[in-house]
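Topology and contacts: notes
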Amino acid sequence: MFLYLLFATFVTALAVSFFVMRLFTKPVDSVLHRIIADAISAAWSKYMKFAILVVGVSAGVQLRDLEKYINPALGGREVQTASPSFDRWVFELYRAAIETLQGIAWMLLVFFAFALIAYVIVRIGETRKEQTSSEA
């Protein structure tokens, strides 16, 4: 039963990650193209898509929480292993989806914060370039 639950949480996290990755493809592409403005922005975009999937799955599949179904111990004493009920399955799948979204949200927050800083630096450089070209 543990393997089914592990597989179900993995599939849930992968599906949510894939949906979010598809949802944020255009914004990430446009930000990277604006900041980098070179052919390498396509490579960075592919990396960001991959990172969204990896971060989402690793955040969504909580192995430490699922470990209690194969090695349940409370305070050093063994507890009888019980098969997770339907309610527990729903809870674990819901938690996998929420943890996936939370992990991706933090990753995208960090990405867009650094992208904002990079955008400001690019704009300052463009403004200085325009000023020197207009003076000459």
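Please refer to the structure higher up on the page.
Attention here is on the structure that accompanies the text.

Here is what the cut-offs are and how they apply
- Residues numbered from 1 in each chain as written.
- Predicted model: local features only at pLDDT ≥ 70, side-chain atom pairs only at ≥ 80, totals over all residues.
- Heavy atoms only, no water.
- Helix = DSSP H or I, 4+ residues; strand = E, 2+ residues; numbered from the N terminus.
- Rg over C-alpha atoms; globule rule 2.2 N^0.38 Å.
- Buried < 20%, exposed > 50% of the residue type's maximum accessible area, 1.4 Å probe, protein only.
- Salt bridge = Lys/Arg side-chain N within 4 Å of Asp/Glu carboxyl O.
- Contact = heavy atoms within 4.5 Å.
- Phe/Tyr/Trp six-rings, centres within 6.5 Å; stacked < 30°, edge-to-face > 60°.
- Axes fitted to C-alpha atoms, helices over the stretch in contact; angles between N-to-C directions.
- Left-handed = near helix turned anticlockwise from the far one by under 90°.
- Nonpolar A, V, L, I, M, F, W, Y, C, P; charged D, E, K, R; others polar.

Thoughts on the overall build of the protein
When helices and strands are tallied, the protein shows 5 helices and 2 strands. Taken from the N to the C terminus, the helices and strands of the protein come in the order α-α-α-α-β-β-α. Since a compact globule built from 136 residues should have a radius of gyration of about 14 Å, the 22 Å found for the protein marks it as more spread out than a globular shape. Taken along the three principal axes of its C-alpha coordinates, the protein extends 80 × 30 × 20 Å. By the burial criterion, 29% of the 136 residues in the protein qualify as buried.

Some thoughts on the pattern of salt bridges
In the structure shown here, the tally under the stated rule is 4 salt bridges. Between Glu126 and Arg34 there is a salt bridge whose closest N-O contact spans 3.0 Å. Taken together, the residues Glu126 in helix H5 (residues 86-135) and Arg34 in helix H2 (residues 25-36) connect sequence positions 92 residues apart. Notably, a salt bridge pairs Arg123 with Glu126, separated by 3.1 Å at the nearest N-O pair. In this pair, Arg123 and Glu126 are both assigned in helix H5, 3 residues apart and thus about one turn of the helix distant. Arg123 sits in the partly exposed class, given a relative accessible area of 36%. By relative accessible area, which is 27% here, Glu126 ends up partly exposed. Each member of the salt-bridge network shares a partner with another, and the members are Arg34, Arg123 and Glu126.

Comments concerning the environment of Val20
Considering the arrangement of structural elements, one finds Val20 in helix H1 (residues 2-23). When the C-alpha positions of Val20 and Val90 are compared, they lie 21 Å apart, and in sequence the two are 70 residues distant. If we ignore the near neighbours within four places in the chain, the residues touching Val20 are Leu101, Ile104 and Leu108.

Details of the packing of aromatic side chains
Scanning all chains against the criterion turns up 2 aromatic pairs. Consider the rings of Phe111 and Phe112, whose centres lie 4.9 Å apart with planes at 70°: the pair is edge-to-face. Taking relative accessible area as the criterion, Phe111 reaches 14% and is therefore assigned buried. Phe112 gets classed as partly exposed once you look at its relative accessible area, which sits at 27%.

Some details on the side chain of Ser45
Along the chain, Ser45 turns up in helix H3 (residues 40-60). A residue is classified by how much of its surface remains accessible, and Ser45, at 5% relative accessible area, is buried. Residues within four places of Ser45 in sequence aside, it is in contact with Asp29 and Leu32.

Comments concerning the packing of H2 against H5
Between H2 and H5, the least distance of the axes is 9 Å, while the angle of their chain directions is 35°. Crossing angle aside, the handedness with which H2 passes H5 is left-handed. Residue-level inspection shows Pro27, Val28, Val31, Leu32, Arg34 and Ile35 of H2 in contact with H5, the latter providing Phe111, Phe112, Ala115, Ala118, Tyr119, Val122, Arg123 and Glu126. Of the residues contributing to the contact of H2 with H5, the split by class is 11 nonpolar, no polar and 3 charged.

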